[in-house]
Amino acid sequence: MRAYGAPFRDGTKVDLVHRAEADADYSSRLQVLNDRIKRIANDTFQVTCPWRIRVGGAKGPESMLLPAFDHLGIPYIPSSTLRGVARAQAIRELMQKHNLSWEEADKAVAPWLGHLEAEDKDSAGKVIFLDAYPVPTRPQRQGDPDNSRTGGLAVDIANNIWKWNGQNLEYSPNPNLFFSLKQATFLIGLRKGPGCTDEMLAQVKEWLIRGLEQGVGSQVNTGYGRLIQTGKTLSQYKGEFLRLPFKLKGQLIHGRQVVNWRPDKNRYDNKSIAEVRPVAFKNMLRYWFQTFALGVLPVKQVQEWEGQLFGAITPQQKHSWIHVDLLKGRVTQPEPEPNQAGKGKPAGRQEGILILSLSEECQNYASKEKQEAVQKLFRNLTWMLFHLGGIGQGARRPCYSRQNRGAPWWRGSTLIPESEDSFWDLPESVAEFQKLFQRRLVDFFAALGALSEQALDPRNPCSFDQVARERWPQAVDRNCQIVVCSGKEEFKKPYALAILHQLGRQGEGRYDKFLCGGVQGGVVPSPVWIANLDDYQVVTVFGATVDPRKSYLEQLRKNADDFGIIWPLR
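Quantities reported herein were computed from a predicted structural model and do not represent experimental measurements.

Caption draft 1: Spatial organisation of the packing of aromatic side chains. According to the stated counting rule, one finds 26 aromatic pairs in the structure shown. When the ring of W288 is compared with that of F292, the centres are 6.1 Å apart and the planes differ by 40°; the resulting orientation is tilted. Here W288 pairs with F292, and both are found in helix α7 (residues 278-293), just four residues apart, close to one helical turn. Across the pair, F292 and W288 agree in class, each one buried. Relative to W424, the ring of F423 lies with its centre 5.6 Å away and its plane at 80°, an arrangement referred to as edge-to-face. Of the residues examined, W424 reaches a relative accessible area of 7% and is grouped as buried. Ring-pair connections join several aromatic residues into one group, and the members of that group are W162, Y171, Y287, W288, F292, F444, F445, W529 and W567. The ring of F423 carries the charged tip of R379 above its face, separated from the ring centre by 4.1 Å. Sitting over the face of the ring of W383, R440 holds its NZ or CZ atom 5.1 Å from the ring centroid.

Shown next as structure tokens:
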């Protein structure tokens, strides 16, 4: 639509999709379609998406991914998709109930859903599935967008920050805009076909409801696509093994940006939209899995197990073994405005409930031993995620105030578990926390060893890559160090962060990018992660054997009130 490299190209694209979302009004057409479904169907029910859904679709302008639209451009779920969901669920249930193979169960569903190789009376399905359309009006839940006009159509974003380049991980943010449907409610209609009884219709409806609960469309293991019968809540997801309420303080998780053209400045002003996104947690779990696994496994095996656990397209497509969901995600305190109006306002806050469950792929095809290992691995990996740093834009730093320096008034991200499970209890002393974290590490590597069927030795990690002043691998290997320390707070910064900024400062607003990260000459993510746990801080330093990271650790230890080495394991 615009020449490559044209000024304001990206901002113009953001502006266009935002206008398409804001100006859409499908309400009258959706009402007609909903009325038609009710007249045609023998049975109707509504399902609601707790977060987002994207079904089908094609590439639109500039290769933008669009969800499925009917011939008049209305977002919907095609009847063929619903039929496939019901059939897949029926096959899975018959396989489990009667110990059948997939092929045997596929033929066994013929009396309800048909099969080409079945007898004539069962060759065609007995139930007719109607296209499902969003409900134009519905009761609003707290924190929901007002999407009654659009049916839930909303701008979405995908951003794969870390990618493999051969055997190396590269930092390469690549935000891509697309459309999905957010917190939409759909009207589902089923009609009896020739030979269909009330009992057959009821059975197919049950299969469809349970299948929709598992997810429909793309990225179902990343929080997208779950559809729950309206008015119903699931006390537990199938395969669920972790449910963790959390709070986030500081720089928040953002879904996308909106822009505003400023003629006086001849540019766009950007504004990030805060959104609690399960994909952010899955990506962070993936990142920490990569960094820890690279210290004990060859790169090829890390890539293979990363693809198996989190999903992959290349070098071969794999469905992930883990399902990440978020419930009740909401912004409880907006981030302060980045101007004088925001001064003195509290830091932004988000909250929600993180849910991890085994995917259908894992439950159906992984052994019982491997399923148990996956649960153990992710339970410990999630614990480490919450105690190594934050999530979102400011993940590498704990939340700290900048009230005396200027906007942005808060930086960093502090992630807080809110569970009553004793697994999440923290000791008061540095020494006890050091032992606790090391137990979590040992359990993580034991689970990884059980999955990979290898005897791993985390006490003798490998050296993943060469380290220099300007080069370090994103790996918890022999050259990495994780410590826990306590000390004096300065300038409203926790001890570890105050020392980092003191050593890294190279002038007003400038820091050593090989210690603190930077954007001049290309974005360099900081090799130092800091998590503030009130009584002490956890500090992760990649490439810790070479200055300036080595000097930072020495200074951190020298001035600390208390200090303990978590990694390498002793």
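From this point on, the discussion continues.
Caption draft 2: The arrangement of a nonpolar patch on the surface in detail. There is a patch of nonpolar side chains on the surface, built from I161, Y171, V519 and V523 and spanning about 360 Å² of accessible area. Mapped onto the elements, Y171 comes out in strand β9 (residues 168-171). Overall, Y171 belongs to the partly exposed group, its relative accessible area being 33%.

Caption draft 3: Region of the structure containing the side chain of R396. The residue R396 is located in the loop between α10 (368-388) and β18 (400-401) in this model. For the buried R396, which has no salt bridge, the nearest side chain bearing the opposite charge is D477, at an N-O separation of 13 Å.

Caption draft 4: Quick look at the packing of α7 against helix α8 (residues 299-310). The geometry of α7 relative to α8 is characterised by a closest axis approach of 10 Å and an angle of 155° between their N-to-C directions. Considering the angle they form, α7 stands roughly antiparallel to α8. The two elements α7 and α8 cross, and the hand of that crossing is right-handed. Along the contact surface, α7 presents K282, L285, R286, F289, Q290 and A293, while α8 presents V302, W305, E306, L309 and F310. Of the residues in the contact of α7 with α8, the class split is seven nonpolar, one polar and three charged.

Caption draft 5: Up close: the nonpolar core. Counting 79 residues, the largest nonpolar core has F281, W288, F289, F292, F378 and L448 as its most contacted members. Among residues more than four places away in sequence, those in contact with F378 are F241, L285, L309, F310, I322 and L356.

Caption draft 6: Layout of the sheet that holds strand β17 (residues 349-358). Across the sheet, which stays open at both edges, the four strands sit in the order β16-β17-β13-β20 with antiparallel pairing between neighbours. The sheet is open, and its two borders are formed by β16 (322-333) and β20 (413-417), each paired with just one other strand. Sheet twist, expressed as the average angle between the axes of neighbouring strands with direction ignored, equals 25°. Relative to β17, β16 is paired through nine bridges, and the arrangement is antiparallel. Following the sheet pairing, V331 is matched in β17 by Q350.

Rules and cut-offs
- Residue numbers restart at each chain and count upward from 1, following the sequence in its written direction.
- Only residues with pLDDT of at least 70 are given local features in this predicted model, and only at 80 or more are side-chain atom pairs given and counted; all residues enter the totals for whole chains, interfaces and linings.
- The basis for every side-chain value is the complete set of heavy atoms in the structure, and neither hydrogens nor water enter the calculation.
- Two rings belonging to Phe, Tyr or Trp (six-membered ring only in the last case) form a pair when the distance between their centres is within 6.5 Å. Interplanar angles under 30 degrees mark stacking, angles over 60 mark edge-to-face geometry, and anything in between is tilted.
- Put simply, DSSP H or I for four residues or longer makes a helix, DSSP E for two residues or longer makes a strand, and each gets a number counted from the N terminus.
- Burial classes follow relative accessibility: with a 1.4 Å probe on protein chains only, a residue under 20% of its type's maximum area counts as buried, one over 50% as exposed, and anything between as partly exposed.
- Only when the NZ atom of a Lys or the CZ atom of an Arg is both within 6 Å of the ring centre and within 35 degrees of the ring normal do we say a charge sits over the ring.
- The residues that make up patches have over 30% relative accessible area and no salt bridge, and they are joined within 9 Å when like-charged or within 5 Å when they are Val, Leu, Ile, Met, Phe, Trp or Tyr.
- Accessible surface is estimated by sampling points in the Shrake-Rupley manner with a 1.4 Å probe; for residues, cover comes only from the protein chains shown.
- Here a salt bridge means any side-chain nitrogen of Lys or Arg lying within 4 Å of a carboxyl oxygen belonging to Asp or Glu.
- Charged-residue counts in this description rest on Lys and Arg as positive and Asp and Glu as negative, His and the chain ends being excluded.
- Fitted lines through C-alpha atoms give the axes, limited to the stretch in contact for helices. The angle between two N-to-C directions lies from 0 to 180 degrees.
- Each angle is binned into one of four classes, with values under 35 degrees roughly parallel, values over 145 roughly antiparallel, values of 65 to 115 roughly perpendicular, and all other values oblique.
- What makes a crossing left-handed is the near helix being turned counterclockwise from the far one by less than a right angle; a clockwise turn instead makes it right-handed.
- The contact rule is simple, with two residues in contact once any of their heavy atoms fall within 4.5 Å.
- Side-chain classes are defined by residue name, with Ala, Val, Leu, Ile, Met, Phe, Trp, Tyr, Cys and Pro counting as nonpolar, Asp, Glu, Lys and Arg as charged, and the others, Gly among them, as polar.
- Nonpolar cores are built from buried Ala, Val, Leu, Ile, Met, Phe, Trp, Tyr and Cys residues. Side-chain atoms within 4.5 Å join them into one set.
- Strand pairing follows a simple DSSP-based rule, namely that at least 2 bridges must link the two strands.

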